[in-house]
Amino acid sequence: PRILAVHSGALGDCVLFGHLLTRLEGEVTLVAGGEKARLLAGLGVVTRAIDFDSLPMQELFSDTPLTQCTLPHRLGEHDRLVSCFAGGDLRAEQRLAAMCSSEAAAFLPIRPPAESEAHLLDLWSDLLGLPPKSHERYSPWPLTPAWKAAAGEAGAYTVIHPGAGGAEKCWPLENFLRLAERLER
């Protein structure tokens, strides 16, 4: 099946979304910010990347007839839509599903509800009918040989992303430092 995945969030959010996408069967086209989409495509997480910022997403919120919109041509036809964009706006959700010709559409929240203690990946998995999988069991994505060569060395690499858009999403700095020391050993 052809899957269209849409996430307009920051790097960490898109990486988390990427872990969900690895659990879906089919060819995944990811619409995300240019570098984030290309990163996940380059790692083999998704088949194709489309830069979110290059698309006329305002067409989702307009009254323009779909036949006069350019977004459907840019997205292409897909069997399934999984989106973290336009959630909660029923009209925009319906237009996005129609624009990619998808009858199976899921709009996922970008944060778990305040009363939930579940990890966002578990919530998304549940909403998509996938069995839960602890985030601790997600495998790292290996760098391609071309990326390793471009970095100038073919050794082992680990990327640590300590930032977040909100303080409540940040792991304490001392935990990152301990992790880096452990990885170095």
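Keep in mind the model is a prediction, meaning the values are calculated, not measured.

Q: Explain the packing of helix H1 (residues 11–21) against helix H5 (residues 120–127) to me, and be specific about the residues and the numbers.
A: Viewed as axis vectors pointing N to C, H1 and H5 meet at an angle of 40°, and their least axial separation amounts to 10 Å. Classified by the interaxial angle, the pair formed by H1 and H5 is oblique. In the packing of H1 onto H5, the handedness of the crossing is right-handed. Between H1 and H5, the contacting residues are Leu 16, Phe 17, His 19 and Leu 20 on the first element and Leu 120, Leu 121, Trp 124 and Ser 125 on the second. Looking at side-chain class alone, the contact of H1 with H5 contains six nonpolar, two polar and no charged residues.

Q: If you had to explain the sheet that holds strand S4 (residues 80–83) to someone new, which residues and values would you point to?
A: Reading across the sheet, the five strands line up as S3-S2-S1-S4-S5 and stay open at both edges, with parallel pairing between neighbours. Only two strands of the sheet have a single neighbouring strand rather than two, namely strand S3 (48–51) and strand S5 (104–107). Averaged over all pairs of adjacent strands, the angle between their axes in this sheet comes to 15°, without regard to strand direction. Summarising the sheet, strand S1 (residues 2–6) and strand S2 (residues 27–32) pair through five bridges and their orientation is parallel.

Q: Help me get a handle on unusual backbone geometry, residues and values and all.
A: A positive phi angle, near 75°, is found at Ala 86, a position not held by glycine. Relative to the assigned elements, Ala 86 resides in the loop between S4 and helix H4 (90–99). Ala 86 sits in the buried class, given a relative accessible area of 11%. Not every positive phi belongs to a glycine, and Ser 101 is a case in point at roughly 55°. Under the relative-accessibility criterion, Ser 101 is labelled partly exposed at 40%.

Q: Explain the side chain of Arg 23 to me, using residue names and the numbers behind them.
A: With respect to the helices and strands, Arg 23 occurs in the loop between H1 and S2. It turns out Arg 23 is buried and unbridged, and the closest side chain with the opposite charge, Asp 122, is 6.1 Å from it. For Arg 23, the side chain forms a polar contact with the side chain of Ser 125, separated by 2.7 Å.

Q: Describe the pattern of salt bridges, naming the residues involved and giving the relevant values.
A: For the structure on display, the rule yields two salt bridges. Here Arg 2 ties to Asp 79 by a salt bridge, and the two come within 3.2 Å at their closest N and O atoms. Here Arg 2 is found in strand S1, whereas its partner Asp 79 is found in the loop between helix H3 (71–75) and S4, with 77 residues between them in sequence. The class for Arg 2 is partly exposed, based on a relative accessible area of 36%.

Reading the values: rules and limits
Residues numbered from 1 in each chain as written. Predicted model: local features only at pLDDT ≥ 70, side-chain atom pairs only at ≥ 80, totals over all residues. Heavy atoms only, no water. Axes fitted to C-alpha atoms, helices over the stretch in contact; angles between N-to-C directions. Helix = DSSP H or I, 4+ residues; strand = E, 2+ residues; numbered from the N terminus. Parallel < 35°, antiparallel > 145°, perpendicular 65-115°, else oblique. Left-handed = near helix turned anticlockwise from the far one by under 90°. Contact = heavy atoms within 4.5 Å. Nonpolar A, V, L, I, M, F, W, Y, C, P; charged D, E, K, R; others polar. Pairing = 2+ DSSP bridges. Buried < 20%, exposed > 50% of the residue type's maximum accessible area, 1.4 Å probe, protein only. Lys, Arg positive; Asp, Glu negative; His and termini not counted. Salt bridge = Lys/Arg side-chain N within 4 Å of Asp/Glu carboxyl O. Polar contact = N/O pair within 3.5 Å; in protein donor to acceptor, adjacent residues only side chain to side chain.

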